[in-house]
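# Chains, contacts and geometry: an overview
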Amino acid sequence: MALRVQKYGGTSVADIEHINHVADRVQKAHDKGDKLVVVLSAMSGVTDSLISLAKQASKRPDKRELDALLATGEQTTAALLAMILKSRGYKAKSFLGFQAGIHTDKTSGKARILDINGQNIQSALKEGNIAVVAGFQGADEDGTITTLGRGGSDTSAVAIASSLKADVCEIFTDVDGVYTTDPRICSNARKINKISYEEMLEMAILGAKVLQIRSVEFAKKYNVPIHVRSSFSEEEGTMVVNESSDMESVVVSGITCDMNEARITLKKVPDQPGVSAKIFTPLAEAEICVDMIIQNTRSGGETDLTFTVPKDDFEQAKEISHKVAKNLGAVEILTAEEIAKVSVIGLGMKSHSGVAATMFQALASENINIRLISTSEIRISCIILAKYAELAVRTLHTAFGLDPEK
Ligand code: ADP
Ligand code: ASP
Ligand code: MG
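An account of the accompanying structure is given in this report.

Rules of the game
Residues numbered from 1 in each chain as written. Chains lettered and ligands numbered in written order. Predicted model: local features only at pLDDT ≥ 70, side-chain atom pairs only at ≥ 80, totals over all residues. Heavy atoms only, no water. Near = heavy atom within 4 Å. Polar contact = N/O pair within 3.5 Å; in protein donor to acceptor, adjacent residues only side chain to side chain. Areas by Shrake-Rupley, 256 points an atom, 1.4 Å probe, with all protein chains shown as cover. Buried < 20%, exposed > 50% of the residue type's maximum accessible area, 1.4 Å probe, protein only. Helix = DSSP H or I, 4+ residues; strand = E, 2+ residues; numbered from the N terminus. Contact = heavy atoms within 4.5 Å. Phe/Tyr/Trp six-rings, centres within 6.5 Å; stacked < 30°, edge-to-face > 60°. Nonpolar A, V, L, I, M, F, W, Y, C, P; charged D, E, K, R; others polar. Pairing = 2+ DSSP bridges. Axes fitted to C-alpha atoms, helices over the stretch in contact; angles between N-to-C directions. Salt bridge = Lys/Arg side-chain N within 4 Å of Asp/Glu carboxyl O.

## What to know about the site of ligand 2
Taken together, Ser 41, Ala 42, Thr 47, Glu 74, Phe 136, Arg 150, Gly 151, Gly 152 and Ser 153 make up all the residues around ligand 2. Thr 47 is positioned with one of its side-chain polar atoms (N or O) 2.8 Å from a nitrogen atom of ligand 2. Here an oxygen atom of ligand 2 sits 2.8 Å away from a polar atom, N or O, in the side chain of Arg 150. Here ligand 2 loses 87% of its free accessible area of 260 Å² to cover by the protein chains.

## Focus: unusual backbone geometry
One non-glycine residue, Phe 136, lies in positive phi territory at about 75 degrees. The class of Phe 136 is buried, set by a relative accessible area of 4%. Even without a glycine there, the phi angle at Asn 367 is positive, about 60 degrees. With respect to the helices, strands and loops of the structure, Asn 367 is situated in the loop between helix H10 (355-365) and strand S19 (372-376).

## A look at helix H11 (residues 389-399)
Of the positions making up H11, those classed as buried are Ala 389, Ala 392, Val 393, Thr 395, Leu 396 and His 397. Along its buried surface, H11 packs onto strand S13 (254-258), strand S18 (339-345), H10 and strand S20 (379-385). Directly beyond the C-terminal end of H11, a positive phi value near 70 degrees is found at Gly 401.

## Some points on the packing of aromatic side chains
Note on aromatic pairs: each is described by the distance of the centres and the angle between the planes. Counted according to the given criterion, the structure contains three aromatic pairs. Between Tyr 8 and Phe 172, the aromatic rings sit 4.6 Å apart at their centres with planes inclined by 5 degrees, giving stacked as the arrangement. Of the two residues, Tyr 8 is situated in strand S1 (residues 3-8) and Phe 172 in strand S9 (residues 168-173); the sequence distance between them amounts to 164 residues. Each member of the pair, Tyr 8 as well as Phe 172, is classed as buried.

## As for the site of ligand 1
Taken together, 17 residues sit near ligand 1, with Thr 173, Asp 174, Tyr 179, Asp 182 and Arg 184 positioned nearest. Measuring from an oxygen atom of ligand 1, one finds a backbone N or O atom of Gly 10 at 3.2 Å. Lys 209 has a polar side-chain atom sitting 3.2 Å from an oxygen atom of ligand 1. The fraction of the free accessible surface of ligand 1 (580 Å²) that becomes covered by protein chains is 89%. A breakdown of the residues in the shell around ligand 1 according to their chemical character gives seven nonpolar, five polar and five charged.

## Let's talk about the side chain of Thr 395
By the element assignment, Thr 395 lies in helix H11. Residue classification places Thr 395 among the buried positions, given a relative accessible area of 13%. Apart from the residues lying within four places of it in its own chain, the contact partners of Thr 395 are Ala 362, Ser 365 and Glu 366.

## A look at the environment of His 30
One can find His 30 in helix H1 (residues 16-31). The spacing of His 30 and Ala 14 is 16 residues in sequence and 22 Å in space, taken between C-alpha atoms.

## Focus: the environment of Asp 31
Structurally, the position occupied by Asp 31 is in helix H1. Residues Asp 31 and Tyr 90, spaced 59 residues apart in sequence, show a C-alpha to C-alpha distance of 10.0 Å. Among the polar contacts made by the side chain of Asp 31, one reaches the side chain of Tyr 90 at a distance of 2.9 Å.

## Some thoughts on the sheet that holds S18
What the four strands build is an open sheet, ordered S13-S18-S20-S19; its pairing is antiparallel. Of all the strands in the sheet, the pair left with one neighbour each is S13 and S19. The sheet shows a mean angle of 20 degrees between the axes of neighbouring strands, taken without regard to direction. As defined by bridge partners, S13 adjoins S18 across five bridges and the pair is classed as antiparallel. Bridging across to S18, Cys 257 finds its partner in Val 342. Seen against the sheet, H11 touches S13, S18 and S20 and runs at an angle of roughly 15 degrees to S18.

## Remarks on the sheet that holds S9
If you walk across this open sheet you meet the eight strands as S3-S6-S2-S1-S9-S11-S12-S10, and the pairing is mixed. Looking at the sheet topology across the chains shown, the edges are occupied by strand S3 (92-95) and strand S10 (194-196). Going across the sheet, the axis of each strand differs from the next one's by a mean of 20 degrees, ignoring polarity. As paired strands, S1 and S9 are joined by five bridges and run parallel to one another. Considered in S9, the bridge of Val 5 is made with Cys 169.

## Focus: the pattern of salt bridges
Tallied over the entire structure, the rule returns 23 salt bridges. For Glu 198, the salt bridge identified is with Lys 350, shortest N-O distance 3.5 Å. Placement of Glu 198 in helix H6 (residues 197-205) and of Lys 350 in the loop between S18 and H10 is noted, with a sequence separation of 152 residues between them. On the basis of relative accessibility, which here comes to 27%, the residue Glu 198 falls in the partly exposed class. Residue Lys 350 is classed as partly exposed on the basis of its relative accessible area, which comes to 44%. Where Asp 291 meets Lys 341, a salt bridge forms, and the shortest distance between an N and an O atom there is 2.4 Å. With a gap of 50 residues between them, Asp 291 in the loop between helix H8 (275-285) and strand S15 (293-297) and Lys 341 in strand S18 connect regions that are remote in the sequence. Since its relative accessible area comes to 31%, Asp 291 is described here as partly exposed. Overall, the relative accessible area of 3% leaves Lys 341 in the buried class. Counted as one network, the salt bridges with shared partners bring together Arg 4, Asp 34, Glu 170 and Arg 229.

Printed below as a string of structure tokens:
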């Protein structure tokens, strides 16, 4: 008898018909004798609608109340699935994040799970229940409801799987696995059978939203095997596990595209010690994650500093930058929202040279101008104009030999 944690994403619970379909799958696994913890997202589109309601209520919604509101999306689906299972004669019990013992820090909107007290779920399982957990949420030490950031139900599922020492964490979604690139952008994308935590983590960080970043971090840290698969077919999906010798040996294993960043340039900043700290400390204090940073040297003791931030934090980052700029004395600020970050990722890069050259040549062959570049041991990222993003992804997919053999 296996203990399985299954997570179903928004499109898999889009309406009652879909939730009934999820109940069929859950029922099937339960009938085979497996113990099941089912983690659910909100119905697709619901989290966005709740955000839009909040914005109608207030220009800058209070973060605590926004979390209380957003958590209702998952509360709805968890209760509905438990109801359906019970009406079919199964023992089931739904749990909100805090009832499932998910204890987080206090960072509203992007809280981190600190620990999980699995007692309630354990007892429910012992009594023969299917445990249904509302994903994406927890509570801080004061009992305040928190949410885990967009896509956070993946992290709920992996964290629960880790705390219960489950045999597998299955992430059911609307594609049948992790692909070499987003299959919705590139029709040549291929399904990967097995991918290492390390590569999956880079792909998630760089924009492949199929798994939330923190879910992969968690899985890597606690060795939780993840099976990403489709909720609409029986096909085997992608295993996300430790690196092993039977993984495909390619230099580049995936391409990603992230349209969720915006660029800020501070021009004519004094070229003196401490200036960068003055710019980035207030951004850090506002919990804004700065991604790429480039400093150009200019003549006359001045420099230009460019960085990217998540689009969600763009307005706040601009406000902060203007304030800092004023204090630093007459610097000019340029901003751009219509940008995309395309990246190539692969463990093979550690031991291969020429990957950057191939990437730049491929982009040049389509006349795509590169605005910013950053690299790590296993990836290279370029910021380009958003309108070229899909073309860039397809071009790179071909250039790195990822297209299927004809
Ligand atoms: P869910 O609602 O089930 O959590 P998401 O929309 O968060 O689903 O994630 C699935 C989506 O991720 C897919 O529909 C696909 O468009 C996108 N995606 C981006 N990159 C990849 C990739 N490399 N492999 C698979 N899917 C990807
Ligand atoms: N419903 C949340 C979102 O849309 C969490 C999730 O689906 O994972 O981001
Ligand atoms: Mg998701």
